[in-house]
Every structure is written in C-alpha cells, then in structure tokens.
Amino acid sequence: MDLKSEGETLLEKHKKLHGQLLEIPEIREMDYNERIKDNFKVGKPRFKNPKYQWPKNLLVELRDHLQNIWNFFNKYSYWFDNTFYPLLKTNERRISKKSIIFLLEEDVWSTDEVYGDYIIEDNKEGITISYSRRDRKLEQVILETKDESEIEEWICNDAIRQIQNQFNFLWNKLEIEIQICMEEIFHKPPKFILKPNYLQDQLDKTKDISEQCPEAGLLSLGRIIELWLLHKLGMSSTPPSFDLIRGAEIAGLMDKNEVKLLRSIKFKYNRLKHKIYYEISREELKLMLKNFSNLFKS
C-alpha cells in the first residue's frame, strides 16, 4: 500500500477503537472516601481495582494498532518528534505517565494530567470544590448543593471526565499527526533501495557457503531474513526493542505457519550468535534454506 492507503486504513481503525476505549473509565467500578487534611475535607475517588483488567482481545487490538502507527511514522514521517514516543514505543506504553495504555489502566490519581484529590469547602451558595496536587489548590468549581450524595456523585463523574478528556487529547493528537503525515511533501528518502534480486543473489550465495561452513550459512540466512522483513515492512532499520517478525504478522504480511518458520530459524540463529558451543548440521540448514526459499518466492 502507498502512503495515502496506509494512512486511511490507520484512521479507520483509529475511529473504530475510540469508542471502545473511551468507555473504559465508565465501566470501571469506583469507590469514594473522604479524609481531613490540614482542616480541609478532601474527597478521594478511586477505582475498586486500581489496575484495569483488560479484555484480552481489546488490549491486543490496541497494542497492534499503536505498533502500526509507529511503523507508519517511522516509514513516512520526516518530522516525527519525541513527544509521541511514550504513546507508541513498546517499552514505554505500560510505564510512562504520558501513555494511553497507562492512562486507561491505572488509578485516578496516577497521571500528572488527572487530579485525584478534591478539596471540599462550604460557601454561601453551596460548596467550592478545588483540585488538589502537592498541597496546592487548582481549578475551582462551585456546586449549589450541600447534599453529600450529590457531591460524591459529581466528584466521581468528574474523575471519569478527566480521564476521558485526557484520552481524547492523546487519541486526537495521534489522529492529527497521521493526517498531517499523509499531506506532507517531505518524507524520509530511502538511503538504499533493497530489491528482491539482491536478496535472491545473497540467498544463492548462502546456499553455496552452507556446503563448506553451515555456521556461516546460518548467520548469513539470519541476516537475509532481517533484510527481507525490513523490505516487507518498508523500513530502513530495526527500531530498538522492535520485533520484525511480530511487526510483519500484525501488518498481515505472514500467516501463523510462516511466523512459526521464521521464529524457529531466528531461535537457532540467536543461539549460534550468543553461545560458544553451538553447531548446526548441514541437513538441518538445508531444510531451513529450502523452507525460507519457498516463502521468499511466494
């Protein structure tokens, strides 16, 4: 697919996921309690389960989608900046307070953008509610009621609203960046155009080398597979902590049997690279070369 087609596919998936993710804070059960701090009454809305238990399919779908966005920006965006890393990088998604996954699965107070403590003060009309963070009062709201149940309901609903607002901000930020990338004139120029005939030539040479030295043949095969996957994904290099095989599977470029084959070859390739005493037989290597050659031709 070209830039426009890939971008439109991402945007379609982005809109589909939005509604499912936006309702997560609403379906999580919430507790409410109050504490007295420095002579102020403080309301504390908290989720009963402080860590959201994702439906397996939804989490897989979200992670795959974020990975596809990362691949898209890495492939096309000349201006891709660091502010998107916590949203998209594999090793940031579950630990960064700026991450969408972190925002949706952690408790109310966990991120810097969502406030979990509400200072409650009486006034003539009703009460004044202030967000509290590090002993500071922020953004005040006046409620014309003193009814405890109404105050509790407003605070719990507001905590959900805060999370949803921050989610919408981050989700829209990604959507806008995809749209901008689709319209930009300047995209990353390829430093080297990798063509199938180059890889076929390398594969033929690897078969010859394997007769003399199976270990050298396996190392060469591992490198060819890496180049082949980069070519399939439209990438010029492997990002840190990125699994090329998984990336190709997510992108729909390989079926489960093909993934299984490459995983097996990669396992043996890595053992040869990192273990002093590891041998590969000529017959075993011939079978791997044959199976990959069939995949390569298809």
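Our subject is the structure listed above.
Note that the coordinates shown come from a computational prediction; the quantities given were computed from them, not determined experimentally.

Rules used in this analysis
- Residues numbered from 1 in each chain as written.
- Predicted model: local features only at pLDDT ≥ 70, side-chain atom pairs only at ≥ 80, totals over all residues.
- Heavy atoms only, no water.
- Helix = DSSP H or I, 4+ residues; strand = E, 2+ residues; numbered from the N terminus.
- Rg over C-alpha atoms; globule rule 2.2 N^0.38 Å.
- Buried < 20%, exposed > 50% of the residue type's maximum accessible area, 1.4 Å probe, protein only.
- Areas by Shrake-Rupley, 256 points an atom, 1.4 Å probe, with all protein chains shown as cover.
- Lys, Arg positive; Asp, Glu negative; His and termini not counted.
- Charge placed at Lys NZ, Arg CZ, Asp CG, Glu CD.
- Patch = residues over 30% accessible without salt bridge, like charges linked within 9 Å, V, L, I, M, F, W, Y side chains within 5 Å.
- Salt bridge = Lys/Arg side-chain N within 4 Å of Asp/Glu carboxyl O.
- Phe/Tyr/Trp six-rings, centres within 6.5 Å; stacked < 30°, edge-to-face > 60°.
- Lys NZ or Arg CZ within 6 Å of the ring centre and 35° of its normal.
- Contact = heavy atoms within 4.5 Å.
- Axes fitted to C-alpha atoms, helices over the stretch in contact; angles between N-to-C directions.
- Parallel < 35°, antiparallel > 145°, perpendicular 65-115°, else oblique.
- Left-handed = near helix turned anticlockwise from the far one by under 90°.
- Nonpolar A, V, L, I, M, F, W, Y, C, P; charged D, E, K, R; others polar.
- Core = buried A, V, L, I, M, F, W, Y, C linked by side-chain atoms within 4.5 Å.

**Remarks on the overall build of the protein**
Move 1: Summing up its helical and strand segments, the protein has eleven helices and five strands in all.
Move 2: Against the 2.2 N^0.38 benchmark of 19 Å for 298 residues, the protein shows a C-alpha radius of gyration of 26 Å, more extended than a compact globule.
Move 3: Burial statistics for the protein: of 298 residues in total, 45% are counted as buried.
Move 4: Per element, the accessible surface of the protein, about 17,100 Å² overall, is 50% carbon and sulfur.
Move 5: The averaged location of the 49 negative side-chain charges in the protein is 7 Å from the averaged location of its 48 positive side-chain charges.

**Structural notes on a negative patch on the surface**
Move 1: Taken together, the side chains of D147, E150, E152 and E153 define an acidic patch exposed on the protein surface.
Move 2: The exposure class assigned to E150 is partly exposed, which follows from its relative accessible area of 41%.

**Structural notes on the packing of aromatic side chains**
Working definition: an aromatic ring pair is given by the centre-to-centre distance plus the angle between the planes.
Move 1: Counted by the stated rule, this structure contains ten aromatic pairs.
Move 2: Between W228 and F292, the aromatic rings sit 5.4 Å apart at their centres with planes inclined by 90°, giving edge-to-face as the arrangement. In this pair, W228 is assigned in helix α8 (residues 214-233) and F292 in helix α11 (residues 282-297), connecting sequence segments 64 residues apart. Taken individually, W228 and F292 each receive the classification buried, so the pair is uniform in this respect.
Move 3: One aromatic cluster in this structure is built from F72, F73, Y76 and F84.
Move 4: The side chain of R28 reaches across the aromatic face of F47, ending 3.9 Å from its centre.

**Brief notes about the environment of Y278**
Move 1: Structurally, Y278 can be placed in the loop between α10 (256-274) and α11.
Move 2: We classify Y278 as buried; its relative accessible area is 14%.
Move 3: Expressed as a C-alpha distance, the spacing of Y278 and E215, which sit 63 residues apart in the sequence, is 8.8 Å.
Move 4: If we skip the residues at most four places from it in the chain, Y278 touches E215, L218, K268, R271 and L272.

**As for the packing of α10 against α11**
Move 1: Running from N to C, α10 and α11 cross one another at 140°; their axes reach a closest spacing of 11 Å. One finds that α10 runs oblique with respect to α11. Relative to α11, α10 is oriented so that their crossing is left-handed. The segment α10 lies against α11, with E258, L261, L262, I265 and K268 engaging E284, M288, N291, F292 and L295.
Move 2: Here the residues of the contact of α10 with α11 sort into six nonpolar, one polar and three charged.

**Quick word on the nonpolar core**
Move 1: Grouped together as the largest cluster of nonpolar side chains are 46 residues, with contacts concentrated most on L21, W54, F72, F73, L88 and L174.
Move 2: Counting residues per element, this core draws most heavily on helix α6 (residues 148-183), which supplies twelve residues.
Move 3: In this view, L21 contacts W54, L58, L62, L104, F167 and W171; residues no more than four positions away in its chain are not counted.

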